[in-house]
Every structure is written in C-alpha cells, then in structure tokens.
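# Architecture and fold: a report
For reference, the chains in residue letters:
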Amino acid sequence: MLMNTGSDARASTHPLLTTPGYEIGDDRAYALEGSIFVAGAAIRWLRDKMCFVDSAAETETLARAARDDHGVTVIPAFVGLGAPH
C-alpha cells in the first residue's frame, strides 16, 4: 500500500518505507509504503519445508499463544530484505 506524500520525501514515524512515487518531467512525488514482502512465503515455508504446521491457518493460533520471543528474531528473507536496513 502506498500513500502519496507529495514532493517531500517524508520519514515515517511508523515502520513504513519512504519510496519514490513517480516522476514526470520535473514533477516528482514520494510516498510512504507499507510492505509485506514474504508473509505468505514464510507461512508456506513453516508448513511445507519445516513441517511445523499442517495448515496455514494454524499459524494464527500459534502466534496468539506465544508469550515471549525469548530473544529470537526470524527474518524470512526469501526474496531479499526489501528494505534499506
């Protein structure tokens, strides 16, 4: 999803990406972008490759039941990180 911010490249106060929107001649517009690059691929990987669940729907129950991440972060970069950081 993109939100046009006009001619200003605004930094987000939320976890959104600042991205070029378009450029026509000297007219340039920027946007804030909410991106989810691999959500479906990550769920499919948990189901098909890791065999943690039998169906994608089970991941919601598991996510809601999780109390603490115990310092573990998973970054499923199946198509690249998709962000500059």
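Everything below is about the structure printed above this text.
## A word on the overall build of the chain
Of the regular secondary structure elements, the chain holds 2 helices and 3 strands. The secondary structure elements of the chain, listed N-terminal to C-terminal, are β-β-β-α-α. A total accessible area of about 7000 Å² is found for the chain, and carbon and sulfur atoms account for 57% of it.

## Things to note about the pattern of salt bridges
Pairing is possible between side chains that carry opposite charge, provided their charged atoms lie close to one another. Using the criterion set out here, one finds 3 salt bridges in the structure. For E23, the salt bridge identified is with R28, shortest N-O distance 3.2 Å. Take R28: its relative accessible area is 39%, and that puts it in the partly exposed class. For R64, the salt bridge goes to E60, with nearest N and O atoms at 2.9 Å. A residue pair is termed a helical-turn pair when its members lie 3 or 4 positions apart in one helix, as R64 and E60 do in helix α2 (residues 58-65) at 4 residues.

## Some remarks on the side chain of T5
Looking at the element boundaries, T5 is found in strand β1 (residues 2-6). Ignoring sequence-local partners within four residues, the contact set of T5 consists of R10, Y30, A31 and L32.

## Quick word on the layout of surface pockets
Within this model, the largest pocket holds a volume of roughly 430 Å³. Forming the boundary of the largest pocket are A42, I43, W45, L46, F52, V53, T59, L62, A63, A66, V74 and P76. Among the elements of the structure, α1 (39-49) and α2 are those that each provide at least two residues to the lining of the largest pocket. Here the element with the most residues in the lining of the largest pocket is α1; it accounts for 4 residues.

## Let's talk about the sheet that holds strand β3 (residues 27-33)
What the 3 strands build is an open sheet, ordered β1-β3-β2; its pairing is antiparallel. In this open sheet, the two edge strands, each paired with only one partner strand, are β1 and β2 (17-24). When strand polarity is set aside, the average angle formed by the axes of neighbouring strands in this sheet is 35°. Both β1 and β3 contribute to a ladder of 4 bridges, which runs antiparallel. Each residue of the ladder has a partner; that of M3, found in β3, is L32.

## Some details on the pairing of β3
Regular strands place their side chains on alternate faces of the sheet. Relative to β3, β2 is paired through 7 bridges, and the arrangement is antiparallel. Directly across from T19, in β3, lies its bridge partner A31. Counting the residues in the hairpin turn of β2 and β3 gives 2 residues, including G25, whose phi is positive at 60°.

What counts and how
- Residues numbered from 1 in each chain as written.
- Predicted model: local features only at pLDDT ≥ 70, side-chain atom pairs only at ≥ 80, totals over all residues.
- Heavy atoms only, no water.
- Helix = DSSP H or I, 4+ residues; strand = E, 2+ residues; numbered from the N terminus.
- Areas by Shrake-Rupley, 256 points an atom, 1.4 Å probe, with all protein chains shown as cover.
- Salt bridge = Lys/Arg side-chain N within 4 Å of Asp/Glu carboxyl O.
- Buried < 20%, exposed > 50% of the residue type's maximum accessible area, 1.4 Å probe, protein only.
- Contact = heavy atoms within 4.5 Å.
- 1 Å grid on protein atoms, 1.4 Å probe; cavity = no way out; pocket = protein on both sides within 12 Å on 5 of 7 lines; lining within 4 Å.
- Points joined across faces, edges and corners; volume = space filled by probe spheres on them.
- Pairing = 2+ DSSP bridges.
- Axes fitted to C-alpha atoms, helices over the stretch in contact; angles between N-to-C directions.

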